[in-house]
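Results of the structural survey
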Amino acid sequence: MSNPLPDPFADRPDWAPLPPRPVEIAPATGGTDLRGRRVLVGLPGLGWRGDLRADERVVQGSRTYVPVIPEHEWYRAESEQVEVFAPLVPVERVWVETIGTRPTPAAAAGSGIRLVSLDAPTRRPPTPVFEADAVTGRRVVHVDGGVERRDLRAVTETYSGADGDICVRVTSELEWYRWAWRGQAPTTLEVPVHLLWLE
């Protein structure tokens, strides 16, 4: 039972949903507007930390810093209009997530072991949810009719829906985090698994 599941869209490329555009990582030293953007922080050769949001750069003396906030605190600050603590991270230790361009099918076909450089953070290409081991709490992209809905979190694992479709319930990230700080259950949407991708 170690064989992977067959691709249900392998013989039907004309109706198979296209994957979402991948997330790419760029140094925050560029001129990109950072307020509210997802960022990663870390040191080359050491490691990276994600699920963070940034505010605008701050210059102190001759150094440039980025205020970095855990994502759940950023959502709470924006929703509740409260101030939260944001440590200042040197700009050269911050990378910003951007939405890239969709790769060609030949470039996306690679499989097997993928070695990465420790000089900068890397991202995996979007993964179909039906290939994932677990999805609860993960960032997902809902692709329907070529439209990408981002900033979503999976609230359940895969299950059999009322119509027999294999589905996952998703919610907006704001409601996902509000569930944590208020205990308020989120409004969810049932989405067929073939329309969902791990970001």
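As a reminder, the structure under discussion sits directly above these lines.
Residues numbered from 1 in each chain as written. Predicted model: local features only at pLDDT ≥ 70, side-chain atom pairs only at ≥ 80, totals over all residues. Heavy atoms only, no water.

This part is about the side chain of Arg150. Assignment of secondary structure puts Arg150 in strand β10 (residues 147-154). A polar contact is formed between the side chain of Arg150 and the side chain of Glu148, at a distance of 2.9 Å. Among the polar contacts made by the side chain of Arg150, one reaches the side chain of Glu199 at a distance of 2.6 Å. (Helix = DSSP H or I, 4+ residues; strand = E, 2+ residues; numbered from the N terminus. Polar contact = N/O pair within 3.5 Å; in protein donor to acceptor, adjacent residues only side chain to side chain.)

This paragraph deals with the pairing of strand β3 (residues 47-54). One ladder, built from 5 bridges, connects strand β2 (residues 38-43) with β3; its direction is antiparallel. Residue pairing across strands places Arg38 opposite Arg53, the latter belonging to β3. The hairpin turn running from β2 into β3, its antiparallel successor, is 3 residues long, and Gly45 in that turn takes a positive phi close to 85°. Sheet topology places β3 next to strand β5 (residues 63-70); 3 bridges connect them, and they run antiparallel. By the bridge assignment, Ala54 is partnered in β5 with Val68. (Pairing = 2+ DSSP bridges.)

What follows deals with the packing of aromatic side chains. Applying the stated criterion across every chain, the model contains 4 aromatic pairs. Ring centres of Trp74 and Tyr75 lie 5.0 Å apart, and the angle between their planes is 80°; this geometry places the pair in the edge-to-face category. Neither residue differs from the other here; Trp74 and Tyr75 are each classed as buried. The interplanar angle of 25° and the centroid separation of 5.4 Å between the aromatic rings of Tyr75 and Tyr177 together place this pair among those described as stacked. (Phe/Tyr/Trp six-rings, centres within 6.5 Å; stacked < 30°, edge-to-face > 60°. Buried < 20%, exposed > 50% of the residue type's maximum accessible area, 1.4 Å probe, protein only.)

Contact geometry of helix α1 (residues 71-80) with helix α3 (residues 173-182) gives a least axis separation of 9 Å together with a crossing angle of 95°. When the axes of α1 and α3 are compared, the pair comes out roughly perpendicular. The segment α1 lies against α3, with Glu71, His72, Tyr75, Arg76, Ser79 and Glu80 engaging Glu173, Leu174, Tyr177, Arg178, Trp181 and Arg182. The residue inventory of the contact of α1 with α3, partitioned by class, reads 4 nonpolar, 2 polar and 6 charged. (Axes fitted to C-alpha atoms, helices over the stretch in contact; angles between N-to-C directions. Parallel < 35°, antiparallel > 145°, perpendicular 65-115°, else oblique. Contact = heavy atoms within 4.5 Å. Nonpolar A, V, L, I, M, F, W, Y, C, P; charged D, E, K, R; others polar.)

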